[in-house]
Amino acid sequence: KAMEDFAPTDLFTKSLLTIDRNIPSKATTVVYELRPKKGGKLDFQPEKNDFQAVRALEGGAVEVTVKRAQREDLLKAKGHSGGLGLEFKKGNVMIDSDDPHVVRLSQRAARGSRNAFDLAHRLRHFVSHYVRVKNLDVGFATASEVARSREGDCSEHAVLLAAMGRASGLPSRVVAGLVYVPELAGKTNVMGYHMWTQFHLRGRWVDFDAALGESECAPTRIALMTSSLEDSSLTE
């Protein structure tokens, strides 16, 4: 048994949640209603954030309203990141933004940036293409490991993007939650567990998804947990 080829547990396809309709790719707002199975309770509680509102319903259900972050609106915002803690700006064990290789990649990706949103987009676009081997064989690699191996799944994309953001002066954190997929593993209209990145831009935490290649992220994600990864691990 020990000599057999390694087959990683495919958590994504084995934990899919079916929803009752298709979500248009150009949607700007989506309202989700999450209900526990009869006699049970939800195993998770969505987080409130700048683009996600959560409201409790009867019977242990919750209503989650997710809005798309529009580039034009973000450019008009006047907030800043001055009040954020250092945990979102400095490197740590997983998001080791001070690693020389991560710093070099960040400088390379950031060339020509015109504003904070453009910088974030360029970093996201770079990571989406830089991680060339997309697989589940990597078990929670650090940003510097991903920078060297150039492989992994959504968590590796998220951690490398978060580190490159911090190296470029953008506060960052990772998000664990659910993402909508129109079709997967023979099923249609499903949501599966996923990880992506948020940058703090002009006073707001904004989603950027390097694994799925989105900067102005569609409202097809439900955030369940956010973390700077300073005191917690990806396994949590």
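As the structure is a prediction and not an experimental result, all values here were calculated from the model.

In this section: the packing of helix α3 (residues 100-110) against helix α6 (residues 154-167). Between α3 and α6, the shortest axis-to-axis distance is 9 Å and the interhelical angle comes to 75°. Judged on the interaxial angle alone, α6 and α3 are roughly perpendicular. Contact residues: Val-102, Val-103, Leu-105, Ser-106 and Ala-109 in α3; Ala-163, Met-164 and Ala-167 in α6. Partitioned by chemical class, the residues of the contact of α3 with α6 number seven nonpolar, one polar and no charged.

What follows concerns the environment of Ala-163. Position of Ala-163 among the secondary structure elements: in helix α6. C-alpha of Ala-163 to C-alpha of Thr-142: the two residues are 21 residues apart in sequence and 9.3 Å apart in space. Ignoring any residue separated from it by four or fewer positions in sequence, one finds Ala-163 in contact with Ile-95, Asp-96, Ser-97, Val-102 and Ala-143.

Here Arg-150, not a glycine, exhibits a phi torsion of approximately 60°, which is positive. Locating Arg-150 in the fold gives a position in the loop between α5 (143-149) and β6 (151-152). According to the relative accessible area criterion, Arg-150 is partly exposed, its value standing at 22%.

Parameters at a glance
Residues numbered from 1 in each chain as written. Predicted model: local features only at pLDDT ≥ 70, side-chain atom pairs only at ≥ 80, totals over all residues. Heavy atoms only, no water. Axes fitted to C-alpha atoms, helices over the stretch in contact; angles between N-to-C directions. Helix = DSSP H or I, 4+ residues; strand = E, 2+ residues; numbered from the N terminus. Parallel < 35°, antiparallel > 145°, perpendicular 65-115°, else oblique. Contact = heavy atoms within 4.5 Å. Nonpolar A, V, L, I, M, F, W, Y, C, P; charged D, E, K, R; others polar. Buried < 20%, exposed > 50% of the residue type's maximum accessible area, 1.4 Å probe, protein only.

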